[in-house]
Amino acid sequence: MAVIVFVICIALRAIPELAAYPHPIGYDVVNYYIPKVVNFQEQWSTISNEFPLYVTFLYSLSTATGLQPPAVVTSVAVAMAGIFGLSLFYIGRTLLNLRIIQSVFLATFTVFQMAVLRTFWDLHRDVLALAAMLFVLSLLGRKDADWKVLSITLALSAITVAADRMIGALLCVSLAAYLIITRRKDVALTAILAISLFSILMVASYQASYHDTNTIASWTSAINTPNFYNQGNLLIYFLVVNCLVAAPATIGFLHMQNSLLKIPLLVSLAGSFSWLVFPENNLLAADRWIVLTGIFLSVFAGYGILHLVSRLKSNLSAIVACSILAVFAVIGLAYALMPYDSPFILYGAVRNYITYFAPVTMQFNSLDIQDNDDLLLTITQINENTEHNAIIVGEPHWRGFMELYLRDDRIYHFSND
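First, a word on what this report is: a plain description of the structure on this page. By convention here, each chain's residues receive numbers from 1 onward along its written sequence. Predicted model: local features are reported for residues with pLDDT of at least 70 only, side-chain atom pairs are reported and counted for 80 or more only, and whole-chain, interface and lining totals are derived from all residues. The basis for the side-chain values is all heavy atoms of the structure; hydrogens and waters are excluded.

Quick notes on the packing of aromatic side chains
Only the six-membered ring of Trp is used, alongside the rings of Phe and Tyr, when aromatic pairs are assigned; centres must lie within 6.5 Å, and planes under 30 degrees apart are stacked while those over 60 apart are edge-to-face, with the rest tilted. Here the structure, examined in full by the defined rule, presents 19 aromatic pairs. Ring geometry for Phe84 against Phe120: centres 5.9 Å apart, planes inclined by 90 degrees, an arrangement best described as edge-to-face. Of the two residues, Phe84 sits in helix H5 (residues 69-94) while Phe120 sits in helix H7 (residues 114-122), which places them 36 residues apart along the sequence. The burial state of Phe84 is the same as that of Phe120; both residues are buried. Taken together, a centroid distance of 5.8 Å and an interplanar angle of 45 degrees make the contact between Phe273 and Trp275 tilted. Through pairs of rings, three or more aromatic residues link up here, namely Tyr32, Tyr33 and Tyr54. A positively charged side chain is recorded as over a ring if its NZ (Lys) or CZ (Arg) lies within 6 Å of the ring centre. The angle to the ring normal must also be within 35 degrees. Sitting above the plane of the Phe253 ring, Lys262 keeps its charged end 4.7 Å from the centroid. Only runs of H or I of at least four residues qualify as helices and only runs of E of at least two qualify as strands under DSSP, and these elements are numbered from the N terminus. Exposure categories follow from relative accessible area, calculated using a 1.4 Å probe and restricted to protein chains: below 20% of the type maximum is buried, above 50% is exposed, and the middle band is partly exposed.

Below is the structure:
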């Protein structure tokens, strides 16, 4: 059954890529992952400031296999979706004590939610970090674990922390809170390793970026909060991401016996509403905490639905569960496949409020997939009709394409003006 979950998640992640082919989907894919892998050695000073595990893995894989960076980035993203599905399956089997078929439902239900699909879209290292974190939580749910299990737990916690700053912080806080509750030695060892490694990486990142003018400039830009980053838009975004799962998630939260999974949810919720206390500070990344909250709420919602249908007769409960899953699968596939100019009605109705935080469909990278050919044609014309050392000025959203396809010594400078 775990293989079935893996295949479903692989297929779900591959479908929007195939629909967009030959262009990749994901804003960070064209503006960060592919350019950083292509220019890995030249940009290592910048990459090393940003928890470089995932990008280093992509570059190493591209070098070892000889595959082009776009193919590597996309293939690994699809594979990571399958691994994430497996982590959800094992959460169901261990922390939630679900039967195999129930764990399949939980994992499948969760991956069709907007919060997960939005993360699949371009937050690739978040997917790796989340999958590793969920495996850590699953293993810590086994009270009779031996030294082999503990070794795997420690290794996965190190991967979580090294892969992503935000999720690494979430794991550290969750482990510290769980240690206070349980006072278990394996939790203590895992927490000590995670917190120590996270602290080292944060200090190293700070020291490396201290003299990096690009990093300083990005921090200065972040302090100047853009107009769209306001309380109204963030509240609407929170409601859009979580409204469909809020009710069953509440039921699941109230009936879930194990407290380990509740801790990261509560921490993420606090981050999601940080704008209530600091309304003009986008450095707290409330929009990303909203997505994390949506992922954990989706897990609780799946558990809540299973709790409700378990009260029905066997045949009826299976029909109801499959019907609910089918509805959410349709919504999820609509989010993955519908054209950017005509998205699913729930997301299209509020696109002016959420478009700065998440795409209204996955058929988008730094611009509508349908416009990618025009941009590439424009870059070709620039290469053919400008001097070799020309400086091109344009939108920030085009910087990845320009970095990849401008030829000779042409340089791209982007500006919000």
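Here we look at the side chain of Glu17
Residue placement: Glu17 occurs in helix H1 (residues 2-20). Setting aside residues up to four positions removed in sequence, Glu17 forms contacts with Pro24, Ile25 and Thr74. By definition, residues are in contact when any of their heavy atoms lie within 4.5 Å.

Notes on the packing of H5 against helix H8 (residues 124-140)
In this analysis an axis means a line fitted to C-alpha atoms, helices contributing only their contacting stretch, and an angle means the value between N-to-C directions, from 0 to 180 degrees. As a packed pair, H5 and H8 sit with axes 8 Å apart at the nearest point and diverge in direction by 25 degrees. By the criterion of interaxial angle, the relationship of H5 to H8 is roughly parallel. At the point where H5 passes H8, the crossing takes the left-handed sense. Between H5 and H8, the contacting residues are Val73, Ala77, Met80, Ala81, Ile83, Phe84, Leu86, Ser87, Leu88, Tyr90, Ile91 and Thr94 on the first element and His124, Val127, Leu128, Leu130, Ala131, Leu134, Phe135, Leu137 and Ser138 on the second. In these notes the angle categories are as follows: under 35 degrees is roughly parallel, over 145 is roughly antiparallel, 65 to 115 is roughly perpendicular, and the rest is oblique. Left-handed describes a crossing whose near helix is turned anticlockwise from the far helix through less than a right angle; right-handed describes the clockwise counterpart.

Coordinates in, geometry out; function isn't part of it.
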